Structure formats: structure tokens, C-alpha cells
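# Coordinate inspection notes
Single-letter residue listing:
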Amino acid sequence: MKIIFFLVIGLNGFVLAQDQKVGIDTNTPTRKLDINGDVRISSTNDVTNNASYDRIVTGNNATGNIDYINISAIAQSETNNVEVKRVVYNSSLPDETKECSCGDITFRINNLDTAEIKFNSLTTFVTNGNITSFNLGYGIKRWINNTYGFVNRTIAFTDSNYSTYQSLDPTVFTTGPNYTVRIYTIVPPKQNNLYRLTLSRISNTSTNFTYGLICEKFYIQTL
């Protein structure tokens, strides 16, 4: 004959609900772990330089729910920058492996010394009624020969070429003096975002330059 013993351990304030929610000091847990009280963690790791850690834990003051936000979303509102990214490097020639990705676009200065751009997703096509192509119009402000020049351009993007680099500016960065600045103002259709791309080439010596790629993504406010 087998004798079976049942051992029951009671923990004060500990409740295991039928739907597998655990409550501490609460009889009605609303999440997998619901603690009615303080939480203390004695030690953590410093992951400041680990790019994989791109989220910050945050709490809802009203409900106590613990969730996360992306680091890039901190202190954002409809009156400040949504996102700012930059890539700066020294080289004798442009390095097309140095890409700057911001929002839904990525851009670079290629090995032919001209600027290129591509989209990171099909979002623009989807939000425009699942279109298969659109013309992206934008303005260029170029610093060449000690003065600014202005020109408008258009790129034809399709749902086949959106992720392939297209010419953002056919004018090479070596045109004019040993320093040049280009500013591109881009508003993808129905995205409610304005991008300002600043690309520069500054002379350090006759054979070495500082290349800069800066992207600023702004909300477009509805009045």
C-alpha cells in the first residue's frame, strides 16, 4: 500500500490565481506578478555601452503597471525633435559603410563622393493606401564656392526599390572648396514627419577630411 503525504506551505499574503497570476499582498492579481508593496533589487549590471539595451523600465503612477519605453522616445513631444542621429568620421575618402539611419530612412556618402538615400520599410506605401510607387520631392541647400545654392529634386520610389540606395544628390562633395555643407529637407507623404539631413565634408589636411552625417526628425503639428 502506498502512503502519499501532501505538504502544504503557507506564505503570508501570497496568492496563486487560477489563471496563473501571482499576487503578493493582494488577493486579485491583475498581471503575472502583482506586488502590493515596494520592490528592491540589490545589484544590477552597468550596460551603458551595450547597444542591445535600448529600453528603459517605467511605471504607471495610477495603476502601478511596470512597462518600458524606448530610449529614443525620452522627453519627446510634438514641439521638439523626435529623433537625432549622427555619424562623424575622419578619412581621406568617403566611406559608404558609414551609414546614418534615422526614423524610416538611411543615407550615406558613397565611394563616388555623392549622397544616397533609401527607406527602411514599406510604411510610406502602406499609409498612402498601399500604393506601389511615389515621387519623393525635397529641397537641397548646398554650400559651394563660398555661397549657398538652392535646388529641388525628386526621387521615384517603388515597393521594389525602396530599400536600395537612390541618388540623393548627384553633385560630388569635392566640388568647390575643401569644405562643403549640404542640407536636405524631406517630408515623406502622409508620415507627419519632417527630416532635415545635414551632410558635410571639412578639410583637416590636404589628404584628410572630416565627414559628417546628421539626421533630425521632427513632428509635423496639426493646427
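Reference entry: report on the structure contained in this document. Per-chain numbering applies: the sequence of each chain, read as written, is numbered from 1 onward. Per-residue local features are limited, in this predicted model, to residues with pLDDT of at least 70; the limit for side-chain atom pairs, both in listing and counting, is 80 or more; totals at the level of whole chains, interfaces and linings are taken over all residues. Remark: hydrogens and water are excluded; side-chain values derive from all non-hydrogen atoms of the structure.

The disulfide criterion used throughout: a pair of cysteine sulfur atoms within 2.5 Å. Within this structure, the stated rule accounts for one disulfide. Disulfide pairing places Cys102 opposite Cys215 at an S-S distance of 2.4 Å. Looking along the S-S bond of the Cys102-Cys215 disulfide, the torsion reads about -70°, which is the left-handed sense. Placement of the pair is Cys102 in strand E7 (residues 100-102) and Cys215 in strand E15 (residues 209-219), with a sequence separation of 113 residues. Exposure class is identical for Cys102 and Cys215. Each is buried. For the purposes of this entry, the term helix denotes a DSSP run of H or I that reaches at least four residues, the term strand denotes a run of E that reaches at least two, and both are numbered from the N terminus. Only protein chains enter the accessibility calculation, which uses a 1.4 Å probe; a residue is then buried when its area is under 20% of its type maximum, exposed when over 50%, and partly exposed in between.

Pairing between strands requires that DSSP locate at least two bridges from one strand to the other. The sheet built from four strands is open, its strands ordered E7-E8-E9-E12 with antiparallel pairing. Looking at which strands have only one partner, the edges of the open sheet turn out to be E7 and strand E12 (166-169). Across the sheet, the axes of successive neighbouring strands diverge by a mean angle of 30°, strand direction being ignored. When E7 meets strand E8 (residues 105-109), the two strands line up antiparallel, connected through three bridges. In the strand pairing of E8, Cys102 is matched with Ile105. A fitted line through C-alpha atoms serves as each axis, taken over the contacting stretch for helices, and the angle formed by two N-to-C directions is quoted from 0 to 180°.

Only one rule defines a salt bridge in this text: a Lys or Arg side-chain nitrogen within 4 Å of an Asp or Glu carboxyl oxygen. Following the criterion strictly, the structure yields seven salt bridges and no others. The shortest N-O distance in the salt bridge between Asp67 and Arg31 comes to 3.3 Å. Of the two residues, Asp67 is situated in strand E5 (residues 66-70) and Arg31 in the loop between strand E2 (22-24) and strand E3 (33-35); the sequence distance between them amounts to 36 residues. The exposure class assigned to Arg31 is partly exposed, which follows from its relative accessible area of 32%. The salt bridge involving Arg142 is made with Asp169; its shortest N-O contact spans 2.8 Å. Of this pair, Arg142 sits in strand E10 (residues 133-144) while Asp169 sits in strand E12, placing them 27 residues apart in sequence. For the pair formed by Arg142 and Asp169, the shared burial category is buried.

The description of an aromatic ring pair rests on the distance of the ring centres and on the angle between the ring planes. Each Phe, Tyr or Trp ring, with Trp reduced to its six-membered ring, pairs with another whose centre is within 6.5 Å; inter-plane angles below 30 degrees give stacked pairs, above 60 give edge-to-face pairs, and intermediate values give tilted ones. Counted according to the given criterion, the structure contains eight aromatic pairs. Seen from their ring centres, Tyr89 and Tyr211 are 5.3 Å apart, and the 20° between their planes marks the pair as stacked. Of the two residues, Tyr89 is situated in strand E6 (residues 81-91) and Tyr211 in strand E15; the sequence distance between them amounts to 122 residues. Judged on exposure class, the residue Tyr89 and its partner Tyr211 are both buried.

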